[in-house]
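# What the coordinates show
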Amino acid sequence: MTILKVRAALPGHRLLTVEHRVALGEKPPLPPGVVDDFEGYVDDADLRSAYSPYGTNSISLSHAPVGTGTSALRFDYDFGFQNYTGIGRRLQGDWSAFHSLSLWLKPDGSHHKLVLQLVANGVAYEAYPSMAGTEGGTVQIPFADFRPAPWDTAHADRRITPEDLASLSQFNIFINQADTGTTTRGTFYLDDLRAV
């Protein structure tokens, strides 16, 4: 990351200075097992270019709160015209040596259904961290607790295997509206998404 500083002399002898963060060259790859630590993005547009949106939502970089480092993911959603929304990114690597997914989560107390979806060996496996409370903290979910997505009835009894974890293709984050009449909009924060 480099700071580019531009100065321009304007008519009337005014001096205008603008600073921008720029990334030069290719981004270094994330370490094995890391989905995202949200540290290598230049700005919100750079973050959004790394994720595909599902439905309507807004993601941006948060500098407070964060799990570790200086940046986390801020996820804003609104169920006024949809009952779920999310983001996803391509994923590669061999996670067969890992046993759990670890993340830092600051929920919004909404009790909506947060879905972490790992597509492995062509099957969408899901886990559902609680959105109760509003305190940030580390959550660790054993891969043994992941289950096929409810809509995938053909794989309903399947359990994630080391062979599945050696063939990853996608990581998705969804928020589904709860049927409890709770608030229709909210914000939660994620950081340090990684296999451990």
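The model shown is predicted, which means the values in this text are computed figures rather than measured ones. (Residues numbered from 1 in each chain as written. Predicted model: local features only at pLDDT ≥ 70, side-chain atom pairs only at ≥ 80, totals over all residues. Heavy atoms only, no water.)

## With respect to the overall build of the protein
A tally of regular secondary structure across the protein gives two helices and 14 strands. Structurally, the protein occupies a C-alpha span of about 75 × 40 × 25 Å along its principal axes. The buried share of the protein, taken over its 196 residues, is 40%. Expressed as a percentage of contacts within the protein between residues at least 6 apart in sequence, the contacts between residues at least 24 apart total 68%. Side-chain charges in the protein split into 16 positive and 22 negative, and the spacing between the mean points of these groups amounts to 7 Å. (Helix = DSSP H or I, 4+ residues; strand = E, 2+ residues; numbered from the N terminus. Buried < 20%, exposed > 50% of the residue type's maximum accessible area, 1.4 Å probe, protein only. Contact = heavy atoms within 4.5 Å. Lys, Arg positive; Asp, Glu negative; His and termini not counted. Charge placed at Lys NZ, Arg CZ, Asp CG, Glu CD.)

## Focus on the side chain of Asp 78
Looking at the element boundaries, Asp 78 is found in strand S6 (residues 72-78). Polar contacts involving the side chain of Asp 78 include one to the main-chain amide nitrogen of Gly 80, which spans 2.8 Å. Excluding anything up to four places from it in sequence, Asp 78 contacts Thr 184 and Arg 185. (Polar contact = N/O pair within 3.5 Å; in protein donor to acceptor, adjacent residues only side chain to side chain.)

## Some words on the environment of Leu 116
Mapped onto the secondary structure, Leu 116 falls in strand S9 (residues 113-120). It is 9.8 Å that separates the C-alpha atoms of Leu 116 and Gly 88, two residues lying 28 residues apart in sequence. Apart from residues lying up to four places away in sequence, Leu 116 is in contact with Leu 101, Leu 103, Tyr 125, Glu 126, Ala 127, Pro 129, Ile 141, Phe 146, Phe 171, Asn 172 and Ile 173.

## A word on unusual backbone geometry
Residue Pro 65 is bonded to the preceding Ala 64 through a cis peptide linkage, with omega at 5°. In this fold, Pro 65 is placed in the loop between strand S5 (57-62) and S6. For His 111, which is not glycine, the phi dihedral falls at a positive 65°. As for its position among the elements, His 111 is in the loop between strand S8 (100-106) and S9. In this model, Asn 121 sits at a positive phi of 55°, which is unusual for a non-glycine residue. In this fold, Asn 121 is placed in the loop between S9 and strand S10 (123-127).

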